[in-house]
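# Topology and contacts: notes
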Amino acid sequence: MDKKEDKDHTPPDNERSSTEDCLKKKEKEAKRVIKTIQWTTGNNFTVERGRQQIEELISTWDIHESWLHHSEFLEEEELKDSKRYHYRACWGIPTRRKPIPRATASVYFVIVISKLKPDTSPVEVFFRLESSRLIRRPEECQFREKWLQDIIQNKIILIERLSSQ
């Protein structure tokens, strides 16, 4: 290989720094550990136990203490192969000036008990944000506070646009 060929394969300085930044970012993301909990089994499940475990999961999320939420059971759904239990956690940031937040953000959870798996199998858990159809699994995705902020910010923008008409 002559010098010219070797030089052609070396990225320019401005590209090298962005590549290094990208690698550092990926390294940082790889170090981020997804926190999850040990879910109960189908034979030990109750509606209240499901709500408690959702609270336990929420406690592993890295969310600022100013956020407050309440969780509630919504409904039980009977399907051919499973039973599904639906819950909601409603989030907001109350302040002294506005103890009732202008807008809230909801996270919807579904706990699935399979009728095909043994009763001793753990339940499956999924969640989605109120503004999204994307269904996530807690063990595969770390919850981000920014998702709540974005929902509330979008609602406040909508409220302001509607009230100015």
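You'll find the protein chain entered in an unreviewed UniProt entry as A-kinase anchor protein 14 isoform X1, with Lepidothrix coronata given as the organism.

## Section: the overall build of the protein chain
In terms of regular secondary structure, the protein chain is built from 4 helices and 4 strands. Burial status across the protein chain gives 30% buried among its 165 residues. In the protein chain, once contacts between residues fewer than 6 apart in sequence are set aside, the share between residues at least 24 apart is 52%. In the form shown here, the protein chain has an accessible surface area of approximately 11,900 Å², with 50% of it arising from carbon and sulfur atoms.

## A short note on the side chain of Thr41
By the element assignment, Thr41 lies in the loop between helix 2 (13-31) and helix 3 (47-59). If we ignore the near neighbours within four places in the chain, the residues touching Thr41 are Asp119, Thr120, Ser121, Pro122 and Val123.

## A word on empty space enclosed by the protein
On inspection of all chains with the given rule, the structure shows 1 cavity of 30 Å³ or more. Space inside the largest cavity adds up to approximately 80 Å³. What lines the largest cavity is Gly42, Val112, Ile113, Ser114, Lys117, Pro118, Asp119, Ser121, Pro122, Val123 and Glu124. A total of 3 residues in the lining of the largest cavity trace back to one element, the largest contributor, which is strand 3 (residues 105-114). Taken together, the residues of the lining of the largest cavity sort by class into 5 nonpolar, 3 polar and 3 charged.

## Observations regarding the environment of Val125
Here Val125 is to be found in strand 4 (residues 124-129). Taking the C-alpha atoms as reference points, Val125 and Val112, separated by 13 residues in sequence, lie 6.3 Å from one another. Sequence-distant contacts of Val125, defined by excluding residues within four places in its chain, comprise Trp39, Val110, Ile111, Arg136, Arg137 and Pro138.

## Here we look at the layout of surface pockets
Reported here for the largest pocket is a volume of approximately 170 Å³. What lines the largest pocket is simply Arg84, His86, Tyr87, Tyr108, Phe109, Val110, Val112, Phe126, Phe127, Arg128 and Ile135. Of all elements in the fold, only strand 2 (82-92), strand 3 and strand 4 reach the threshold of two or more residues within the lining of the largest pocket. When residues in the lining of the largest pocket are grouped by element, the largest group, 4 residues, is from strand 3. Residue composition of the lining of the largest pocket, by class: 8 nonpolar, 1 polar and 2 charged.

## Concerning the environment of Glu55
Within the secondary structure, Glu55 is located in helix 3. Along the chain, Glu55 and His70 lie 15 residues apart, while their C-alpha atoms are 9.0 Å from each other. Look past the residues within four positions of Glu55 in its chain and what remains in contact with it is His69 and Ser71. One polar contact links Glu55 to His69, side chain to side chain, over a distance of 2.9 Å.

Criteria and cut-off values
Residues numbered from 1 in each chain as written. Predicted model: local features only at pLDDT ≥ 70, side-chain atom pairs only at ≥ 80, totals over all residues. Heavy atoms only, no water. Helix = DSSP H or I, 4+ residues; strand = E, 2+ residues; numbered from the N terminus. Buried < 20%, exposed > 50% of the residue type's maximum accessible area, 1.4 Å probe, protein only. Contact = heavy atoms within 4.5 Å. Areas by Shrake-Rupley, 256 points an atom, 1.4 Å probe, with all protein chains shown as cover. 1 Å grid on protein atoms, 1.4 Å probe; cavity = no way out; pocket = protein on both sides within 12 Å on 5 of 7 lines; lining within 4 Å. Points joined across faces, edges and corners; volume = space filled by probe spheres on them. Nonpolar A, V, L, I, M, F, W, Y, C, P; charged D, E, K, R; others polar. Polar contact = N/O pair within 3.5 Å; in protein donor to acceptor, adjacent residues only side chain to side chain.

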